[in-house]
Amino acid sequence: MSAPGSAASGVPHLDVDPFDMMFFADPYPTHELLREAGPVVYLDKWKVYGVARYAEVHAVLNDPATFCSSRGVGLSDFKKETPWRPPSLILEADPPAHTRTRAVLSKVLSPTVMKQVRDRFAAAAEERVDALIEKRSFDAIADLAEAYPLSIFPDALGLKPEGREHLIPYASVVFNAFGPPNQLRQEAIERSMPHQAYVAEQCQRENLAPGGFGACIHAQVDEGAITAAEAPLLVRSLLSAGLDTTVNGIGAALYCLARFPDQWQRLRSDLSLARGAFEEAVRFESPVQTFFRTTTREVELSGARIGEGEKVLMFLAAANRDPRRWDSPDSYDITRRTSGHVGFGSGIHMCVGQLVARLEGEVMLTALARRVAKIEITGEPKRRFNNTLRGLDSLPVTITPA
Amino acid sequence: MPAITFIHPDGKSDRVETSGGESAMQAATRHGLDGILAECGGNAMCATCHVYVDESWLARLPAVADDEDALLDGTAAERLPNSRLSCQINITPELDGLVLLLPDRQV
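Residues numbered from 1 in each chain as written. Chains lettered and ligands numbered in written order. Predicted model: local features only at pLDDT ≥ 70, side-chain atom pairs only at ≥ 80, totals over all residues. Heavy atoms only, no water.

Novice: Sorry, what's going on with the packing of aromatic side chains here?
Specialist: The description of an aromatic ring pair uses the distance of the two centres, along with the angle that the planes make with each other. Residues and elements named next belong to chain A. Under the criterion given, the structure shown has eleven aromatic pairs over all chains. Each ring, one from Tyr42 and one from Tyr49, has its centre 4.9 Å from the other, and the planes form 75°; the classification is edge-to-face. The same class applies to Tyr42 and to Tyr49, which are both buried. Residues Phe175 and Phe178 carry aromatic rings whose centres are separated by 5.7 Å and whose planes lie at 75° to one another, so their mutual orientation is edge-to-face. Overall, the relative accessible area of 4% leaves Phe175 in the buried class. Here a set of aromatic residues connected by ring pairs shows up, and it is made of Phe23, Phe24 and Phe385. If you follow Arg283 out to its NZ or CZ, it ends over the ring of Trp326, 5.6 Å from the centre. (Phe/Tyr/Trp six-rings, centres within 6.5 Å; stacked < 30°, edge-to-face > 60°. Buried < 20%, exposed > 50% of the residue type's maximum accessible area, 1.4 Å probe, protein only. Lys NZ or Arg CZ within 6 Å of the ring centre and 35° of its normal.)

Novice: Just to check I follow, could you spell out the sheet that holds strand E4 (residues 67-68) of chain A for this structure?
Specialist: All names here are of chain A. What the six strands build is an open sheet, ordered E1-E2-E3-E9-E6-E4; its pairing is mixed. Whereas interior strands pair on both sides, the edge strands pair on one side only; in this sheet they are strand E1 (13-14) and E4. The sheet contact formed by E4 and strand E6 (residues 290-295) spans two bridges and is antiparallel. In the sheet register, Cys68 faces E6, and the bridge partner there is Thr294. (Pairing = 2+ DSSP bridges. Helix = DSSP H or I, 4+ residues; strand = E, 2+ residues; numbered from the N terminus.)

Novice: Sorry if this is basic, but what is going on with the pattern of salt bridges here?
Specialist: Where charged atoms of side chains with opposite charge meet at close range, the side chains can pair. All names here are of chain A. Counting across every chain of the model gives 35 salt bridges over all chains. A salt bridge links Arg118 to Glu362, with the nearest nitrogen and oxygen atoms 2.8 Å apart. Taken together, the residues span a long stretch of sequence, with Arg118 in helix H5 (residues 111-135) and Glu362 in helix H16 (residues 354-371) at a distance of 244 residues. Of the residues examined, Arg118 reaches a relative accessible area of 28% and is grouped as partly exposed. Given the relative accessible area of 13%, Glu362 is considered buried. Glu146 is the partner of Arg384 in a salt bridge, and the nearest nitrogen-oxygen pair spans 2.8 Å. Pair noted here: Arg384 is in strand E11 (residues 382-384) and Glu146 is in helix H6 (residues 140-157), with a separation of 238 residues, a long-range link. The exposure class assigned to Arg384 is partly exposed, which follows from its relative accessible area of 26%. (Salt bridge = Lys/Arg side-chain N within 4 Å of Asp/Glu carboxyl O.)

Novice: Looking at this structure, I do not really get the packing of helix H12 (residues 244-259) of chain A against helix H14 (residues 274-285) of chain A. What am I missing?
Specialist: What describes two packed helices is the angle between their axes and the distance between those same axes. Residue and element names in this part refer to chain A. It is the contact of H12 with H14, at a shortest axis distance of 8 Å, that shows an interaxial angle of 95°. Looking at the two axes, H12 sits roughly perpendicular to H14. Contacts from Gly249, Ile250, Ala252, Ala253, Tyr255, Cys256 and Arg259 of H12 reach H14 at Phe278, Ala281, Phe284 and Glu285. Classifying every residue of the contact of H12 with H14 by side-chain character gives eight nonpolar, one polar and two charged. (Axes fitted to C-alpha atoms, helices over the stretch in contact; angles between N-to-C directions. Parallel < 35°, antiparallel > 145°, perpendicular 65-115°, else oblique. Contact = heavy atoms within 4.5 Å. Nonpolar A, V, L, I, M, F, W, Y, C, P; charged D, E, K, R; others polar.)

Novice: Mind showing me how you'd approach the interface of chain A and chain B here?
Specialist: A common measure of how large an interface is: the accessible area buried when the components associate. Listed by partner, the interface residues are 18 residues for chain A and 21 residues for chain B. Around 1,300 Å² of area is buried between chain A and chain B when both sides are counted, 49% of it from carbon and sulfur atoms. Sorting the residues of chain A by area buried against chain B places Pro111(A), Arg337(A) and Ser339(A) first, and these three jointly supply 37% of that buried surface. Applying the counting rule to chain A against chain B returns three salt bridges. Between Arg358(A) and Glu39(B) there is a salt bridge; the shortest N-O distance is 3.7 Å. (Buried area = accessible area lost by both parts, 1.4 Å probe.)

Novice: Can you help me understand the packing of H5(A) against H16(A) in this one?
Specialist: All names here are of chain A. Their axes nearest at 8 Å, the elements H5 and H16 cross at an angle of 35°. Relative to H16, the crossing made by H5 is right-handed. Across the interface between the two elements, Pro111, Met114, Val117, Arg118, Phe121, Ala122, Ala125, Glu126, Arg128, Val129, Asp130 and Ile133 from H5 touch Leu355, Val356, Leu359, Glu360, Glu362, Val363, Met364, Ala367, Leu368, Arg370 and Arg371 from H16. Split into classes, the residues belonging to the contact of H5 with H16 amount to 15 nonpolar, no polar and eight charged. (Left-handed = near helix turned anticlockwise from the far one by under 90°.)

Novice: Just checking my understanding: could you explain helix H8 (residues 183-190) of chain A for this structure?
Specialist: Given 3.6 residues per helical turn, the α-helix brings residues three or four places apart onto the same face. All names here are of chain A. Along H8, the residues that are buried comprise Leu184, Arg185 and Ala188. Looking down the long axis of H8, one finds its buried residues gathered within 95° of arc, a one-sided arrangement. Along H8, exposed side chains directed more than 90 degrees from the buried face belong to Gln183 and Glu190. Contacts from the buried residues of H8 go to helix H1 (21-25) and helix H7 (167-177). (Arc of directions from axis to C-beta.)

Structure, rendered in structure tokens:
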């Protein structure tokens, strides 16, 4: 029996750290290295397997019985370490437990519900664009990518007005905590107590306004779908994954459209491309870069033998630019057929809030393209560093009204 | 391999060859067919691969599952008794010749 990932298993060993600041600054050369080294690689630095090609990432995502989530979707193995917070009932769960909780959130965030909130989300996008046209020069991250979701999502959830400043910092902790025990993760968790306390409080039934997503989750207790103890943790999932992700998604779309003016003009000439422009930004930038799975048994994956209890790191971003799957993967093309990209994952754990994200992205880009002729980057964009999320900290822009 | 036909709202039709075990949605997107968006990639989450099944074929399809039924309530174009999500229609040899009508919009 050879050691995990030893040369005998035929899996190439790579000496790269995909959670290092240098890597975050420019991940693309390393993504290529990871893809081209083989279908499955071994990363000595963190003693994990890695998959960076589309086919293998898709295969791992779609075999949850072999590549499980209940042992954590970060580096930490919940079988060996105590999780930093009580595990998620949906993200960090396997069937059959996952099937039940997933059904509840799918119902709360269904296409039917999106139809009901669409007009409200679109009106808020128009209002935001009005304000920005007044300003002309602003930070596209703080004043738009953050301000817009903050103006609708906490209300849609039914959160109290007080304390919302904890939301983005809490999400930042959650996504840093999927990473290895590096400085980003350690510092995030050390400073997380006030954010955790806020979130725990907000998840309680009495703190959620009637009619909101949060109240709808608690109403499922009355239907017998979940227990009263489970409901707050499911609300927590929306607080963890429903805001910062869309901030980075919208930020990615703005960064793309500002960098590629031909695509911006294309969108302006056909506003029905707004939804596709957002979706292509999710593929192109992959705001959620990585997730882990843990093997439940010895498995052969594309010729590589992986033992039981091994962590497998999926490079969603690299898969989304795998030339084996995508034509001209490094170009941002708002008319691309993006169906099948793994920016929202795939399979039973595919982002349950994807419809909210698309709706926010679509209505914001529509409002912007209708009113704005030109977006110019007027200063050096600054990157925000997180073990899982990729996005900017600031993007100074000046817009020209149409 | 079985082939299926998609009819666009303007009456034009596209005949698509399927490959073993794929869904009608997968066959459509693999051929770059307009009119099927499939935003979620076939995970029964988004209701953007909506089709109307030609009446003569309706009874030959497997029943609508609960999750598909809930999603069909959220389709952009009107839900009709013959509405289905094409990602949930696996093309077996018995479905050779299946005719699916495309709605005027998916979002």
